[in-house]
Amino acid sequence: MNEDIITVALPKGRLADETIELFVSKGITQEGVVDEESRKLVFLDEKHGMRYMLVRNMDVPTYVEHGAADMGIVGLDIVKETAADVYEFMDLGFGACKLCVAGIKDSDSRYRHDMVVATKYPKMTKDFFAKKGIFVETIKLYGSIELAPIVGLSDMIVDLVSTGQTLKKNGLEVIETMLESTARLIGNKSMTRLKHERVKEIIKRLGGI
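Here the structure is a predicted model, which is why all the values come from computation and not from measurement.

As a further point, take the side chain of T29. Take T29: it is sitting in the loop between α1 (14-25) and β2 (42-45). One polar contact links T29 to Y52, side chain to side chain, over a distance of 3.0 Å.

What follows is the structure in structure tokens.
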């Protein structure tokens, strides 16, 4: 295997699709190289010297930080939550969403000490409220977070919001926006010099420095 092949960690789903579409348009890779329906997890574009790995979005920074991938594409929300020791090269401009505090509509939305907040983002949630001088208890959930306040598991939730329709359909509303997130290109800090040059070329093609 060619040692200067660039390995990119991609989150399964829409971000992977949009990344490959962008890379194809910039001549970084060839069309059809990643086929999520094939159930494969690794895809090689020998012509352009690119390899792609499909992983869970929360795992992308881990693969990049530890050198299993040279680069990765992941939302800013994940970069902040994992606090991985990686380069953040550039904002790719797609995958826009907001990380929000939400609660039951028309209920008491005032923050208070010892609130219980359900979220996939316990670190960011605790940090956010701590800056307001409020201690909260977090419950980590991986899905259907909107259910937590409805059944009394939590007082509020912190979750990603794009259109807000899921919140609305479940009788919830946004209380405050914590973070506006878009897809970021991140990189490993210990790449060889040869790979650094290739990564710089990729960033240049994408319109970065």
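Once the structure has been displayed, the description carries forward.
Its 12 residues place the ends of α1 17 Å apart at the C-alpha level, agreeing with the 16 Å of an ideal helix rising 1.5 Å per residue. Each element contacted by the buried residues of α1 is listed here: β1 (6-11), β3 (50-55), β4 (71-75) and β11 (183-187). Phi turns positive, to about 75°, at G27, one or two residues after α1.

This part is about the side chain of E81. If you trace the backbone, E81 turns up in helix α3 (residues 76-82). Buried charge without a salt bridge: E81, with K140 as the nearest opposite-charge side chain at an N-O distance of 5.7 Å. A polar contact is formed between the side chain of E81 and the backbone nitrogen of M124, at a distance of 2.9 Å.

With that settled, the discussion passes to the nonpolar core. With 28 residues, the main nonpolar core has V60, V64, L99, V101, F129, M178 and I186 as its most contacted residues. Mapped by element, the contributors of at least two residues to this core are β3, α2 (60-65), α3, β6 (97-104), β7 (115-119), α4 (122-130), β9 (156-161) and β10 (172-181). The residues contacting V101, other than those within four sequence positions of it, are Y111, F128, F129, M156, I157, V158, E173, V174, I175, E176 and M178. V8, M71, M90 and I203 belong to the second-largest nonpolar core, a separate cluster that totals 26 residues.

Of all 8 residues making up β6, 6 are buried, and the element is well covered by its neighbours. Of the strand pairs in this sheet, β6 and β10 are connected by 8 bridges, and their pairing is antiparallel. Bridged to A102 within β10 is V174. In the sheet, β6 pairs with β9 via 5 bridges, with the strands oriented antiparallel. Within β9, the position partnered with A102 by the bridge is I157.

Bringing the sheet that holds β6 into the picture now. On the basis of which strands lie adjacent, the open sheet formed by 5 strands has the order β8-β7-β9-β6-β10 and mixed pairing. Looking at strand neighbours, the two that pair on one side only are β8 (136-140) and β10, the edges of this open sheet. Between one strand and the next, the sheet's axes are offset by a mean angle of 25°, whatever the strand orientation. Bridging between β7 and β8 involves 5 bridges; their strand directions are parallel. Bridging across to β8, V116 finds its partner in E137. Contacts between α4 and the sheet are confined to β6, β7, β8, β9 and β10, with β8 contributing the most and set at about 165° to the helix.

All right, on to the pairing of β1 then. Most of β1 is tucked away: 6 of the 6 residues are buried. The two faces of β1 match: I6, V8 and L10 on one face and T7, A9 and P11 on the other face are all buried. The pairing of β1 with β3 spans 6 bridges and is classified as parallel. Across the sheet, residue I6 finds its bridge partner in β3, namely M50. Here β1 runs beside β4; their pairing, made up of 2 bridges, is parallel. The residue bridging V8 from the neighbouring strand is M71, located in β4.

Rules and cut-offs
- Residues numbered from 1 in each chain as written.
- Predicted model: local features only at pLDDT ≥ 70, side-chain atom pairs only at ≥ 80, totals over all residues.
- Heavy atoms only, no water.
- Helix = DSSP H or I, 4+ residues; strand = E, 2+ residues; numbered from the N terminus.
- Polar contact = N/O pair within 3.5 Å; in protein donor to acceptor, adjacent residues only side chain to side chain.
- Expected span 1.5 Å × (residues − 1).
- Contact = heavy atoms within 4.5 Å.
- Buried < 20%, exposed > 50% of the residue type's maximum accessible area, 1.4 Å probe, protein only.
- Lys, Arg positive; Asp, Glu negative; His and termini not counted.
- Salt bridge = Lys/Arg side-chain N within 4 Å of Asp/Glu carboxyl O.
- Core = buried A, V, L, I, M, F, W, Y, C linked by side-chain atoms within 4.5 Å.
- Pairing = 2+ DSSP bridges.
- Axes fitted to C-alpha atoms, helices over the stretch in contact; angles between N-to-C directions.

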